[in-house]
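As a plain string of letters, each chain reads:
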Amino acid sequence: MKKISQHLKQLGMGSLLLASAWMIPAAAHADRLGEIQERGSLICATLASNEPLGFPDPQSGQIVGFDVDMCSAIAAKLGVKMRQRSLTVEARLPALIEGEVDLVSGALGYTRERARQIDFTASHYQTPIKLLVYSDSGLNLVSDLEGKRISANRGSTPEQAARRVLRKATLLTFPETPQTFLALAQRQVDAMAVAMPSGIRFVNESGGRFRFVEGALAWEPTALGVKKGEHRLLDAVNKALVALEKDGEIDAMWTKWFGPKTKFNIPRDKKLTPIASLR
């Protein structure tokens, strides 16, 4: 021990600190799943103005919907409570990256660009991205919108799909779906780019004023988002999704919010799909 002390003394203060750091174990990597289990709750972000994914219940005022139910089901499988947090489309990724939320379940379409920023679970449903127009617009095909004005939620996959497919179109983007639709309703734009589950209510409730053009801009695999590098949490959520699929719970939630007895009536044609097969 005396020889070690003399040796460190000879090395100088800087080397002493370096040697001390070497002898102390490195701090363990933060484990989000462990934090969730310790606090007893899963902080899950959803949209708050996008029926039937996440929207205010007319009676209670609380945010309800398919994505909220998914959060609750995942939390139950993890053995914790669910704490819902409302976010806009453009705030989803920043909140996850900064660690403000544990999980995002808010119409989160998979893209390669997003996958460089966050990790995706398996895709629990896939839907077409459509273009919504006035019924009397004379616009019938996706190609008819080339060079036209299109509204979309800022930072959304419909925005990205419209920019990719209709390169000469002018995009007007907004933070929330109601604002995006209002731009179309006020004829500020010629069409609205929107995922079919979000847009079909505008068709059904318009009394024939609005319709989708034929075809789709893209097919969107939708998944849940986890902060990059949180492998234990990602694995746990994926295992929960597998169990929910096997037990028929995802189908039951889909039927509740999108089924034939709802105003949406959209079938869930594509079941749980590993994200690796969609890359």
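Conventions and cut-offs
Residues numbered from 1 in each chain as written. Predicted model: local features only at pLDDT ≥ 70, side-chain atom pairs only at ≥ 80, totals over all residues. Heavy atoms only, no water. UniProt positions renumbered as here; feature names shortened; annotations may be inferred. Phe/Tyr/Trp six-rings, centres within 6.5 Å; stacked < 30°, edge-to-face > 60°. Helix = DSSP H or I, 4+ residues; strand = E, 2+ residues; numbered from the N terminus. Buried < 20%, exposed > 50% of the residue type's maximum accessible area, 1.4 Å probe, protein only. Axes fitted to C-alpha atoms, helices over the stretch in contact; angles between N-to-C directions. Parallel < 35°, antiparallel > 145°, perpendicular 65-115°, else oblique. Contact = heavy atoms within 4.5 Å. Arc of directions from axis to C-beta. Polar contact = N/O pair within 3.5 Å; in protein donor to acceptor, adjacent residues only side chain to side chain. Core = buried A, V, L, I, M, F, W, Y, C linked by side-chain atoms within 4.5 Å. Nonpolar A, V, L, I, M, F, W, Y, C, P; charged D, E, K, R; others polar. Disulfide = S-S within 2.5 Å. Salt bridge = Lys/Arg side-chain N within 4 Å of Asp/Glu carboxyl O.

An unreviewed UniProt entry lists the chain under the name ABC transporter substrate-binding protein, from Herbaspirillum huttiense subsp. lycopersici. In its Sequence similarities (unreviewed entry) section, the UniProt record describing the chain reads: "Belongs to the bacterial solute-binding protein 3 family."

**Student:** Could you give an account of the packing of aromatic side chains, naming the residues involved and the relevant values?
**Tutor:** Two measures describe an aromatic ring pair: the distance that separates the ring centres and the angle between the ring planes. Following the criterion strictly, the structure yields eleven aromatic pairs and no others. On the numbers, 5.7 Å between centres and 80° between planes, the contact of Phe66 with Tyr125 is edge-to-face. You can see Phe66 sitting in helix 4 (residues 66-78) and its partner Tyr125 sitting in strand 7 (residues 125-134), a full 59 residues away along the chain. Take Phe66: its relative accessible area is 0%, and that puts it in the buried class. A ring pair is formed by Phe181 and Phe210, whose centres lie 5.2 Å apart and whose planes are at 65°; its orientation type is edge-to-face.

**Student:** Account for the packing of helix 10 (residues 231-246) against helix 11 (residues 249-258), with residues named and values stated.
**Tutor:** Running from N to C, helix 10 and helix 11 point in directions that differ by 75°, and their axes come no closer than 5 Å. Between helix 10 and helix 11, the angle falls in the class roughly perpendicular. Side by side, helix 10 and helix 11 meet where Leu241, Leu244 and Glu245 of the first sit next to Glu249, Ile250 and Asp251 of the second.

**Student:** Go over helix 8 (residues 177-185) with me, naming the residues and quoting the values.
**Tutor:** The set of residues buried in helix 8 consists of Thr177, Thr180, Phe181, Ala183 and Leu184. End-on, the buried residues of helix 8 take up no more than an arc of 150°, which puts them together on one face. Taken from the residues just after helix 8, Arg187 is the one with a positive phi, measuring 60°.

**Student:** Account for the side chain of Ser123, naming residues and giving values.
**Tutor:** One can find Ser123 in the loop between strand 6 (118-120) and strand 7. One polar contact links the side chain of Ser123 to the main-chain carbonyl oxygen of Thr222, over a distance of 2.9 Å. If sequence neighbours within four positions are ignored, Ser123 has contacts with Pro221, Thr222, Ala223, Lys271, Leu272, Thr273, Ile275 and Leu278.

**Student:** Just give me the short version of the environment of Ala216, but keep the residues and values in it.
**Tutor:** With respect to the helices and strands, Ala216 occurs in the loop between strand 11 (210-212) and strand 12 (218-227). Put simply, Ala216 and Ala161 are 55 residues apart on the chain and 9.7 Å apart in space, counted from C-alpha to C-alpha. For Ala216, the contacting residues outside a window of four places in its chain are Pro128, Ile129, Lys130 and Val142.

**Student:** An account of the nonpolar core is needed here, citing residue identities and associated values.
**Tutor:** Among the nonpolar cores identified, the biggest contains 45 residues, and Leu42, Phe66, Ile74, Leu103, Leu132 and Phe258 are the most heavily contacted of them. Discounting residues that sit within four places of it in the chain, Leu42 has contacts with Ile36, Cys71, Ile74, Ala75, Leu78, Val80, Lys81, Met82, Arg83, Asp102 and Leu103. In this structure, Leu145, Ala161, Ala191 and Leu217 belong to the second largest nonpolar core, which totals 18 residues.

**Student:** For the side chain of Ser41, give the residues involved together with the corresponding values.
**Tutor:** Along the chain, Ser41 falls in strand 1 (residues 41-46). The exposure class assigned to Ser41 is buried, which follows from its relative accessible area of 6%. Discounting residues that sit within four places of it in the chain, Ser41 has contacts with Ile36, Val80, Lys81, Arg83 and Asp102.

**Student:** Explain the packing of helix 4 against helix 10 to me, and be specific about the residues and the numbers.
**Tutor:** Between helix 4 and helix 10, the least distance of the axes is 9 Å, while the angle of their chain directions is 105°. In terms of axis orientation, helix 4 runs roughly perpendicular to helix 10. Residues Met70, Ala73, Ile74, Lys77 and Leu78 of helix 4 form the contact with helix 10, whose participating residues are Leu233, Ala236, Val237, Ala240, Leu241, Ala243 and Leu244. When the residues that make up the contact of helix 4 with helix 10 are grouped by side-chain class, the tally is eleven nonpolar, no polar and one charged.

**Student:** Tell me about the state of the cysteines, and please be specific about residues and values.
**Tutor:** According to the stated counting rule, one finds one disulfide in the structure shown. Disulfide pairing is shown between Cys44 and Cys71; the S-S distance is 2.0 Å. Every disulfide takes its handedness from the sign of the S-S torsion; for Cys44 and Cys71 that torsion is -50°, giving left-handed. With Cys44 in strand 1 and Cys71 in helix 4, this pair connects stretches of sequence that are 27 residues apart.

**Student:** If you had to explain the pattern of salt bridges to someone new, which residues and values would you point to?
**Tutor:** Taken as a whole and assessed by the stated rule, the structure comprises 17 salt bridges. A salt bridge links Lys271 to Asp251; its shortest N-O distance comes to 2.9 Å. Here the residue Lys271 occupies a position in the segment after helix 11, and Asp251 occupies one in helix 11, the gap between them amounting to 20 residues. Members of the salt-bridge network, linked through shared partners, are Glu245, Asp251, Arg268 and Lys271.

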